[in-house]
Amino acid sequence: MEFSLLELLVNHSGKIFSRVEILQQLWGFVPEMNTDTRVVDVHISRLRTKVESDPNDPEFIITARGSGYFFPRIIDSEQE
């Protein structure tokens, strides 16, 4: 699950995914209640502990407050 989540965020870097979108994209699950989306937070937290040097100050898996999560767009220095 965590790898699929990371893959989704990286493959669409710069795009903010809401919790509902993540549930639909990865698990094909449409939440009936707002609390159903909290499972995404758990997976994000676990993933951060594995990929971030400081999970409390993430560089790769960013929270867009009130919107969802995203992986920052990676810009190739040769393309600039």
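This text goes with the structure placed above it.
In this report, we go over the structure that sits alongside the text. Just so it is clear, the model here is predicted, and its values are computed rather than measured.

Cut-off values and rules
Residues numbered from 1 in each chain as written. Predicted model: local features only at pLDDT ≥ 70, side-chain atom pairs only at ≥ 80, totals over all residues. Heavy atoms only, no water. Core = buried A, V, L, I, M, F, W, Y, C linked by side-chain atoms within 4.5 Å. Buried < 20%, exposed > 50% of the residue type's maximum accessible area, 1.4 Å probe, protein only. Helix = DSSP H or I, 4+ residues; strand = E, 2+ residues; numbered from the N terminus. Contact = heavy atoms within 4.5 Å. Axes fitted to C-alpha atoms, helices over the stretch in contact; angles between N-to-C directions. Parallel < 35°, antiparallel > 145°, perpendicular 65-115°, else oblique. Left-handed = near helix turned anticlockwise from the far one by under 90°.

A short note on the nonpolar core
- Among the nonpolar cores identified, the biggest contains 12 residues, and these are Leu5, Leu8, Leu9, Phe17, Ile22, Leu23, Val40, Ile44, Leu47, Ile61, Tyr69 and Phe71.
- Elements that contribute at least two residues to this core include exactly α1 (2-11), α2 (19-27) and α3 (38-51).
- Here Phe17 is in contact with Leu8, Leu9, His12, Ile22, Ser67, Gly68 and Tyr69, once residues within four sequence places are set aside.

Some remarks on the packing of α1 against α2
- Following both chains from N to C, one finds α1 and α2 inclined at 115 degrees, their axes separated by 11 Å at the closest point. Comparing their axes, α2 and α1 come out roughly perpendicular. Where α1 crosses over α2, the two elements pack in a sense that is right-handed. Side by side, α1 and α2 meet where Ser4, Leu5 and Leu8 of the first sit next to Ile22, Gln25 and Leu26 of the second.

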